[in-house]
Each structure stands twice: as C-alpha cells, then as structure tokens.
Amino acid sequence: MPRTDDERLTRGFPPTRHSALAAIRGGDEEQRRRGLSALAAAYWRPVYGYLRLHWRKPHDEAADLTQEFFAHVLEKDLLARFDPARARLRTFLRACIDRVAAGGDRAARRLKRGGGAAAVPFDFEGARAEVEKAAGSAESADVLFEREWARGLFAAALERLRELCAREGKSQHFALLEEYDLEAGADRPSYADLARRFGIATTDVTNRLAWARRKLREVLLDLLRECTATESELREEARTLLGLDGP
Amino acid sequence: MTHLDDAALARLRQSVREPDLSGTRYRLAGVAGSGGMGTVYVALDTELGRRVALKVLDLEDPETEARLRREAEVLARLEHPGIVPVHDVGRLGDGRAFYTMKLVEGEPLDRSAACLSLPERLRVFLRVAEAVAFAHARGVLHRDLKPQNVMIGPFGEVLVLDWGLAKVLSDPRGRAEGANGANRAPGDTGEGSVLGTPGFMAPEQQGGGSGSADARADVFSLGALLQSLLPPGPPAPLRAIARKAMSPRPDDRYPGAADLGKDVERFVEGAPVSAYPENVLRRALRLAKRHRVAAAIVAAYLVGRGLILLFTHR
C-alpha cells in the first residue's frame, strides 16, 4: 500500500554518495583509480561512440583513444580544471575528448598503451555494432554524445543491477526485466505470457518486474550521482537521462 | 556486457520514469500532462472503479516534495466547484511523493478560448474570479493564474488548476502570517523566489519580492487573463476593467478578485462599471443598448412629437 502518513512523507532522502569526481580529484592514488573506474564505466561508451561517429575514427583507433583518454584524465589531472559552476561534467568531458582526438596520434605515441587506464573491461566489440547502426544518421555532436551517454549509463546501471540480483538471489527478477524491457521487439509479451514462461503467478511477474525497475532507477541515479559534482547538476542530468524534458 | 539498441533504451527510459504503482490501489492508464515539478498521470483507482489524476514528482527532492505536499494541502482546504478536489496523498514504492485528484478532462482555456464567443469567455472569466475569490477568503493566493491553468470541461465546467505556487496567508487557526514570511511552512515558496509567468505576473511578484505580494497580485493576473480573452477592439468598459486590474501599483487595482468579478458582471448586465466613468451621452447610449424596446418607443415618441411640432408651427 502507498505510505500515507506524515512520517513517511517527511522521511530522509538517500545520503549523498561518494562522488567519483571527488575521488579522482583527491590525493590518494588508490581512490583516484577507483574514482576513474566509476567514471569510465559510465563514460567509455559515449567516448567511443563520439570518436567513431563525430570524429569518424575507425574502430581500432577509437578503442585505443578511448583507453588513452581515461588514462589522460588521470595522468594530466584534467578534472582539476573542471568547474561545475561553468559547465556540466558531460560538456567538459566532451571538450576534453575533442582536444585528445584532435591530437590523438601524438597522445597515443606519448602514452603507454593502457597505462594508467581504469580497471574497467571495455566491450568495444559489443558497442561497435550499435555505433555502426547509427553511423548514417545526421545528428549534431551534442545529440550524439548525449544519446551515447544515456546508453552508457543505462548499460552500466543494468550491469550493476544484474550483479545485485545475483547477490540477492533474484536473478529471475532481472530475467523478467530483460524479457520485457530489453529483448522484446515491437510486441511485448503480456504478463500472463511471462508468467507461463517462467512458471510463476502473474502477480509475481507484476511485483518482480516492479522491483527490478525500482532498483534500476535507484542504481541509475546512484551512478549519476557519482558522476556529477553538485545537486543541481545531478537534477539537470537526471531530467535529461530519464527523458523528462522531451526528446 | 548488456547491449542496448535505441528501442530498448527508449523502453527502459519510460520504465524508470513511470511511477511504481505496485502495492497501491492505482493502475497506470496514461499521461495527462507534465510540468516543472512533476507529471500528471491518468490512473485507474481499482477500489472505486474510477479514473483519477495522479500527480507524482519526477525526481525525489525534499524541496519539490514539500511543494507537492503543500499543493495537496491547499487543494484539500479549498472545497469549491471551481477547484479540483484532492483524494489521496502518499509516497510510492520508488520513494516518490504523489497525490491523486479528480481527473478533469477538457481543454485548457488557452486552447479553447478561440472557439468561445465574448459572452462565453466572460462567463468563464467570472467562474475563475469566483474560485479565486473563494481561495482568497480562505487565505490562499494562487500566484500563477493564466489561461493554461484554467480547464474547461466538456459540460462547461470551469476549474482553476495548478496550485503548486500557492501561498497560504494564514494558518488553519486564522493567525496571519508575518510579512517577512516567518510563519511559512515547508514548501511554501515566498520571499526571494521569483514565481509566476511573465505577462501574467504582478510587478511585485517579479524580482523575488513575492513574499510581500497579497491578493492584489492575483487581481493583476486575473486582469491579464481577462485581457487575453478580449477580442481586438474590445468594448471600452472591459478594456478599462482589465487596465484597472493590471495597474502597476497594487493600491490602484481592485482590492480583491470578488470586486473585479462584480465589475465584469455589471458589464455583462449592461450596468455601469466602476473602472469606466460615463458622461451623459455614454450613459444614454448604454441605457439605450440595455433597454432596446423602451429606447425604441421613446425614440419613436420623440420623433413623432418633433414631426407634430414641425407641422403645427408652419
């Protein structure tokens, strides 16, 4: 049932998560690497997609440059120059990518391959097909980067949710989400279809799917919180990410 | 690694955007509209078998949650046929605050006004002024009156919507709020906040001075709303009423929405309006227009008398 009492209406909001940005900008090397991993998990896909589609880099070079970009962020301490009062992190990073891409060959020679990169496995082959599907569309760099950024965050959130479900013995919840929201084509299966396929009651499908979506929202916003510098930036980015301001 | 094509991304975005109604008596049935604070969905109340409007915050946030709750409380204290009744308030499983209210199906005034005659528009205006006067009598200012916030139902119902920026001037025990907003409740926006819509917002509401605004700020907005309903080359008394309501100085406006409504009503009835002083000729013309048959008889009588006098003096 919905919670209708005053106590619940005024309950506290989730505590602010430790920001990946703060970690990267901090002095501790281990913290900086962990922060970079969180940032890279959210941003590797838009960086790769942007390099492929906007800078027209071939797959191998875009993949190398993506790795090198994150190493560059750490080694050159790029985020020290980021001022949240002047721009969103997403905008700042795109400008950084433009600089790296413009001098990419030189940067590639200077940096050891993979040196200093985040400990995140980048599935460039997986991203390649999606990016190449979008290759013909005439989009502005802003629209392209924003769409790939959203795709990257949702993909990273799904990975976290999959791990969470496995840990909590709720793999079926995730499987239902995959069937209904991820893999369905134009014709989504009905809840009754899913109930038959999974051998559970229809009400279980409703409840488990609701749980998975609720958790996905939580994980997604947590991820976004880690990659934003201020509450107002978080809210603005969340509106964009969730598509609340229209297409 | 999860792969997301554009269609899957769009479905996921929708899924995490929609309110989590599991465990509630409501089922999602569509989207009614959206605003800065949240989205209004059409939901089915499964216990009562009726459709309701469910307003839910887009994002969890203490400030907007307080505003949403404040709006629900304001609606709950304003039981009037021109104000949407609130049914329920609470929090969903996903942590977002919501309230439900009567589902109003119709067209906002900005879209429906073009299909209405001037007398019909004035009838709508009078209903809005009545609802606002009622709210003022209950110590509530709307602060965002504009055609988009007036809904015309299929049976001619007129409802004033979107009380999200409303300000409560006194608490339920009737104690007046201090001018500095010291008694302001959480979620009640006031001093220092720029609220309202340009073009419909009183000058004292602009520049963050809304904390000092009183009922005459709504009178200004009602004047702007009236003006937006007037056709090109409107009757002079109506133009004068709108101009008086929109006076830059609050002291020069009508003291309240009821006074403004009464002046418009007087115009509708063909009576003199306070905002438009008349000379003898204008008064005679207005009376002639109001009492056409009597005016025609008097005119015929005077013409007849004139002709008799003319022929008898030859």
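As the structure is a prediction and not an experimental result, all values here were calculated from the model.

Asker: So what's going on with helix H6 (residues 236–245) of chain B? Which residues, and what values?
Answerer: All names here are of chain B. Residues of H6 that are buried include every one of Pro237, Leu238, Ile241, Ala242, Lys244 and Ala245, and no others. Viewed end-on, H6 has its buried residues packed into an arc of 165°, placing them on one side of the element. Of the surrounding elements, those touching the buried residues of H6 are helix H5 (215–229) and helix H7 (257–268).

Asker: Any details on the domain arrangement of chain B? Residues and values, ideally.
Answerer: Domain annotation of chain B identifies domain 1 (24–102), domain 2 (107–268) and domain 3 (280–312). Here the C-alpha centroids of domain 1 of chain B and domain 3 of chain B sit 61 Å apart.

Asker: Could you give me a rundown of the interface of chain A and chain B, with the residues and numbers involved?
Answerer: Each partner contributes to the interface: chain A provides 31 residues, whereas chain B provides 30 residues. If you list the elements that add at least two residues to the side of chain A that touches chain B, you get helix H1 (6–9), helix H7 (124–133), helix H8 (141–167), helix H9 (171–182), helix H11 (202–226) and helix H12 (231–242) of chain A. Residue contributions to the side of chain A that touches chain B peak at eight residues, all from H11 of chain A. When its residues are assigned to classes, the side of chain A that touches chain B shows 15 nonpolar, five polar and 11 charged.

Asker: Tell me about the environment of Trp163 of chain B, residues and numbers included.
Answerer: Residues and elements named next belong to chain B. Relative to the elements of secondary structure, Trp163 occurs in the loop between strand S9 (158–160) and strand S10 (167–168). For Trp163, a count of 24 C-beta atoms within 10 Å corresponds to the buried category. Sequence spacing of Trp163 and Ala271 is 108 residues, and the spatial spacing of their C-alpha atoms is 34 Å. Filtering out sequence-adjacent residues up to four positions away, Trp163 remains in contact with Glu71, Val74, Leu75 and His142.

Asker: Pulling in residues and values, what's your account of the nonpolar core?
Answerer: Membership of the largest hydrophobic core comes to 72 residues, with the highest contact counts inside it found for Val128, Val132, Leu222, Leu225, Ile241 and Ala245 of chain B. Ala40, Phe69 and Cys165 of chain A together with Leu4 of chain B belong to the second-largest nonpolar core, a separate cluster that totals 70 residues.

Asker: Go over the environment of Phe220 of chain B, please, and point to the residues and values.
Answerer: All names here are of chain B. If you trace the backbone, Phe220 turns up in helix H5. We classify Phe220 as buried; it has 26 C-beta atoms within 10 Å. Each C-alpha atom, one on Phe220 and one on Tyr254, is 8.8 Å from the other, the two residues being 34 residues apart in sequence. In this structure Phe220 touches Ala202, Ala245, Met246 and Arg253, once residues within four positions along its chain are discounted.

Asker: Hey, could you go over H7 of chain A for me, with residue numbers and the actual values?
Answerer: Residue and element names in this part refer to chain A. Here H7 has its buried residues at Phe124, Ala127 and Val131. Looking down the long axis of H7, one finds its buried residues gathered within 65° of arc, a one-sided arrangement. Facing away from the buried side of H7 by more than 90 degrees, the exposed set consists of Glu125, Ala129, Glu132 and Lys133. Buried residues along H7 sit in contact with helix H3 (29–53) and helix H4 (59–75).

Asker: Lay out the sheet that holds strand S6 (residues 107–108) of chain B with the relevant residues and their values.
Answerer: Residue and element names in this part refer to chain B. Pairing in this open sheet of three strands is antiparallel, and the strands run S6-S8-S9 from one edge to the other. One side of each edge strand has no neighbouring strand; the edge strands of this open sheet are S6 and S9. Summarising the sheet, strand S8 (residues 150–152) and S9 pair through three bridges and their orientation is antiparallel. Residue pairing in the sheet places Ile152 in a bridge with Val158 of S9. Where helix H4 (residues 118–137) meets the sheet, its contacts fall on S8 and S9, and the angle it forms with S9 comes to roughly 40°.

Asker: Which residues make up the sheet that holds strand S3 (residues 50–57) of chain B, and what are the values?
Answerer: Residue and element names in this part refer to chain B. Reading across the sheet, the five strands line up as S1-S2-S3-S5-S4 and stay open at both edges, with antiparallel pairing between neighbours. Of all strands in the sheet, those with a lone pairing partner are strand S1 (26–34) and strand S4 (86–91), marking the two edges. With direction set aside, neighbouring strand axes in the sheet form an average angle of 25°. Sheet analysis places S1 next to strand S2 (residues 38–45), joined by seven bridges and oriented antiparallel. Paired with Leu28 across the bridge in S2 is Ala43.

Calculation criteria
Residues numbered from 1 in each chain as written. Chains lettered and ligands numbered in written order. Predicted model: local features only at pLDDT ≥ 70, side-chain atom pairs only at ≥ 80, totals over all residues. Buried ≥ 20, exposed ≤ 12 C-beta atoms within 10 Å, placed from the backbone. Helix = DSSP H or I, 4+ residues; strand = E, 2+ residues; numbered from the N terminus. Arc of directions from axis to C-beta. Contact = placed C-beta atoms within 7 Å. Domains from an automatic or database assignment. Nonpolar A, V, L, I, M, F, W, Y, C, P; charged D, E, K, R; others polar. Core = buried A, V, L, I, M, F, W, Y, C linked by C-beta atoms within 7 Å. Pairing = 2+ DSSP bridges. Axes fitted to C-alpha atoms, helices over the stretch in contact; angles between N-to-C directions.

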